[in-house]
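If you want the building blocks of each chain, they are given just below.
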Amino acid sequence: MMLRMLDAEDNPHSNPRRHNYGIASTDVDNDGEFELLVAGYSCANLLLKWDRETQQLYNLAVDDPASPYYELRDSMGSAVGVAAADIDGDGREEIYVVNSNQAFSGRSTYSDKLFKFRNGRYEDLLADPINRHVATLYAGRSVACIDRSGTGKFSFYVANYAKGNVAPHELIEMDESRSDVPKGIVALKNVAREAGVEKFTGGRGVAVGPILSLDGRLDIFCNNEKGSNFLYKNNADGTFTDVSAQSGVDDPQEHGRGIALADLDGDGKVDIVWGNWNGPQRMFVQRTRNGVIRFEDVAPEVFSRPCPIRSLLIGDFDNDSNLEIVFNTSACDGPFCNKLFRVCTARLGENPLVTQLDIGDAEEEYGMGTGGVVADINGDGRLELVMSHGEWAKQPLTIYNATQGIKNCFLRVMPVTQFGAPARGARVELHTANLGPHLRIIDAGSGYLSQMEPVAHFGLGTDVPVRLEVTWPDGSFYSQPLGLQDLDTFITVNHPSWVGASGFSFRER
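Note that the coordinates shown come from a computational prediction; the quantities given were computed from them, not determined experimentally.

Enquirer: Is there a simple way to think about the overall build of the protein chain in this case?
Expert: For the protein chain, the count of helices and strands is four helices and 36 strands. Based on the C-alpha atoms only, the size of the protein chain along its principal axes is roughly 55 × 55 × 50 Å. Relative to its 509 residues, the protein chain shows a buried fraction of 65%. By sequence separation, contacts in the protein chain at least 24 residues apart represent 57% of the contacts at least 6 residues apart. For the protein chain, the exposed surface amounts to about 17800 Å²; the carbon and sulfur share of it is 49%. If the 47 positive side-chain charges of the protein chain are averaged to one point and the 70 negative ones to another, these points end up 4 Å apart.

Structure (structure tokens):
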């Protein structure tokens, strides 16, 4: 399989040459489709929407104060990380943007932003007088969301890059006692200390999902630099315990970058894949021996070979039911090509089979890779790969899709919370007639600095779905039989407690 350029246009209005970093896929204009919020470093953020007629992306965040998306530009900021989630339970995702503003570590000169659609436009909650004490000036990197208590209302976990005892990791959420959401009042608080995650380290990547349990509780994995990684186990009371050392994923001598969660060996457990800057790339599968969870690195040499990696992205680009992994690298010390691998699930209990593929147009020999996202941006049932660049040189975004698998079948599933927002972090398992179970986690933040679409995408090849199972962060569970009629569809799965909703609904693509 090779990746081909979908849109190579270097458009000064929608895709200019600039310093781009993280990307988040979320429904910004509330029309049921997902847009891409692209973090701009020392330039305005972009809000890109796919035009089905022209088959191109265009920018909604125009330089017009009358636009409802004008504030999303935040042209005074230097944005790196971005993620979306429903922080206040109104059914619409807010957008958190990490601004580092020329500061590598410690203190910064400009606040992060937390944008909410309010008063007919996007406004920054951190600029409200009630939240000024929360708007800390730290040099951050990645941000991810987590429903830490299963309420359907999310917190934002911010991985800051500490300098001594300045700039710990943060956990920002709504303060229920001081908020009045119908009136647009959303008071915020930083609960990192009480949750047990206020640590000082060289924060880099963050991924959130039900890593250590099957009951839906969300855990946090932090891929750090100049220090051990964190694997925070959810204690089911709103607090977390770092179990990285005993789980074998602390990797203290390496310098982390991109992360992704996936079931690589078909045993129904969440595995962790991550990249280390010019160090060994990791493929840690989860094993349980005598009741103790331990992760084992099974990356073959062709995969683990050191490289200048930034983002690590996973998806089934050719819909053949096998996952592919992309390394978005940075040619900072001379030419260096991106990499593409296929992961085939072996027999249960055995290590996955990993093969390097020809990446085609996406090799980007002189690409200054930063963030990236995997999403079906044009609605054709096939995943696109969008990569951002620009740390050492201004470059446009690049967009690719696969040259193979056009006739393969697919199924796309989006669970929603009890408030109707995307249930980020939810566990989605699809059973098929020939190949058994396939696991996906609704992305809450991964890749590097980025966040994927809130959809579980299953490539099926010629297989047939027979059962769908969804587990929400609060432990709620839903199961539904499927069949031939469900091929090539988009299914929205409602939370069992959502008043007025039942089961799931279909939307053909």
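And the narrative resumes.
Enquirer: What exactly am I supposed to notice about unusual backbone geometry here?
Expert: When glycine is set aside, most residues are seen to have a negative phi, and most peptide bonds are trans. You will see that asparagine 30, though not glycine, has its phi angle at about 60°, which is positive. Summarising the element assignment, asparagine 30 is placed in the loop between β2 (20-26) and β3 (35-40). Not every positive phi belongs to a glycine, and aspartate 251 is a case in point at roughly 45°.

Enquirer: Is there a simple way to explain the nonpolar core in this structure?
Expert: Nonpolar side chains tend toward joint burial in soluble globular proteins. With 58 residues, the main nonpolar core has Leu72, Ile95, Tyr96, Phe156, Tyr157, Leu188 and Ile220 as its most contacted residues. The greatest single-element share of this core, amounting to six residues, is contributed by strand β6 (residues 79-85). Two domains each provide a minimum of three residues to this core, namely domain 1 (3-416) and domain 2 (426-508). Excluding anything up to four places from it in sequence, leucine 72 contacts Val28, Leu37, Asn45, Leu47, Ile95, Phe115 and Tyr122. In this structure, Leu48, Trp50, Leu397 and Ala402 belong to the second largest nonpolar core, which totals 27 residues.

Enquirer: Could you clarify how one ought to interpret empty space enclosed by the protein in this entry?
Expert: Which parts of space are left empty comes out when a probe the size of a water molecule is rolled across the atoms. Taken as a whole, this structure holds five cavities of 30 Å³ or more when the rule is applied. Space inside the largest cavity adds up to approximately 420 Å³. Lining the largest cavity are 30 residues, and of these Leu261, Ile314, Arg440, Ile441 and Met452 lie nearest its centre. Contributions of two or more residues to the lining of the largest cavity are made by β14 (202-209), β18 (256-262), β22 (309-315), β31 (436-441) and β32 (456-461). By residue class, the composition of the lining of the largest cavity is 20 nonpolar, five polar and five charged.

Enquirer: How should the sheet that holds β3 be read in this particular structure?
Expert: Strand-to-strand pairing in sheets goes through backbone hydrogen bonds, with the strands running parallel or antiparallel. In spatial order, the strands read β2-β3-β4-β5; together these four strands make up an open sheet with antiparallel pairing. Each having just a single partner strand, β2 and β5 (56-59) make up the two edges of the open sheet. Taking the axes of each pair of neighbouring strands and ignoring which way they run, one obtains an average angle of 30° across the sheet. Pairing geometry for β2 and β3, over five bridges, is antiparallel. When the sheet's bridge partners are listed, alanine 24 is paired in β3 with leucine 37.

Enquirer: Even after reading the chapter, I still don't get the pairing of strand β35 (residues 489-493), so can you show me in this structure?
Expert: For a regular strand, side-chain orientation follows a simple rule: the groups alternate between the two sheet faces. Most of β35 sits out of view: five of its five residues are buried. Alternating positions in β35 separate into two faces, Thr489, Ile491 and Val493 on one and Phe490 and Thr492 on the other, with burial throughout. Direction of pairing for strand β29 (residues 409-415) relative to β35: parallel, over a ladder of five bridges. Paired with arginine 412 across the strands is phenylalanine 490, a residue of β35.

Enquirer: What is the right way to read the UniProt feature "domain: ASPIC/UnbV" (unreviewed entry) in the protein chain from this model?
Expert: This chain's UniProt record puts "domain: ASPIC/UnbV" (unreviewed entry) on residues 423-476. Along residues 423-476 the backbone is 0% helical and 46% strand, and the end-to-end C-alpha distance reaches 12 Å.

Enquirer: Is there a simple way to explain the domain arrangement of the protein chain in this structure?
Expert: You'll often see interface size given as the accessible area lost when the parts meet. Examined at the domain level, the protein chain breaks down into domain 1 (3-416) and domain 2 (426-508). Inter-centroid distance (C-alpha atoms) of domain 1 to domain 2 is 20 Å. With 66 residues of domain 1 at the contact, the number on the domain 2 side is 49 residues. Both sides of the domain 1 and domain 2 interface together cover about 4600 Å² of buried area, and 58% of this is carbon and sulfur. Among the residues of domain 1 in contact with domain 2, Leu411, Arg412 and Val413 are the three that bury the most area, contributing 17% of the side total. Taken together, the connections running from domain 1 to domain 2 amount to one salt bridge. Ionic pairing is found between glutamate 453 and arginine 412, a salt bridge with its closest N-O pair at 2.9 Å. In this structure, the connection of domain 1 to domain 2 is made through 30 residue pairs in polar contact (both at pLDDT 80 or more). Every element with two or more residues in the side of domain 1 that touches domain 2 is listed here: β2, β6, β10 (140-146), β14, β18, β22, β26 (369-375) and β29. Tallying contributions element by element places β29 first for the side of domain 1 that touches domain 2, with seven residues.

Enquirer: What is the right way to read the environment of arginine 17 from this model?
Expert: Summarising the element assignment, arginine 17 is placed in the loop between β1 (3-5) and β2. According to the relative accessible area criterion, arginine 17 is exposed, its value standing at 51%.

About the thresholds
- Residues numbered from 1 in each chain as written.
- Predicted model: local features only at pLDDT ≥ 70, side-chain atom pairs only at ≥ 80, totals over all residues.
- Heavy atoms only, no water.
- Helix = DSSP H or I, 4+ residues; strand = E, 2+ residues; numbered from the N terminus.
- Buried < 20%, exposed > 50% of the residue type's maximum accessible area, 1.4 Å probe, protein only.
- Contact = heavy atoms within 4.5 Å.
- Areas by Shrake-Rupley, 256 points an atom, 1.4 Å probe, with all protein chains shown as cover.
- Lys, Arg positive; Asp, Glu negative; His and termini not counted.
- Charge placed at Lys NZ, Arg CZ, Asp CG, Glu CD.
- Core = buried A, V, L, I, M, F, W, Y, C linked by side-chain atoms within 4.5 Å.
- Domains from an automatic or database assignment.
- 1 Å grid on protein atoms, 1.4 Å probe; cavity = no way out; pocket = protein on both sides within 12 Å on 5 of 7 lines; lining within 4 Å.
- Points joined across faces, edges and corners; volume = space filled by probe spheres on them.
- Nonpolar A, V, L, I, M, F, W, Y, C, P; charged D, E, K, R; others polar.
- Pairing = 2+ DSSP bridges.
- Axes fitted to C-alpha atoms, helices over the stretch in contact; angles between N-to-C directions.
- UniProt positions renumbered as here; feature names shortened; annotations may be inferred.
- Buried area = accessible area lost by both parts, 1.4 Å probe.
- Salt bridge = Lys/Arg side-chain N within 4 Å of Asp/Glu carboxyl O.
- Polar contact = N/O pair within 3.5 Å; in protein donor to acceptor, adjacent residues only side chain to side chain.

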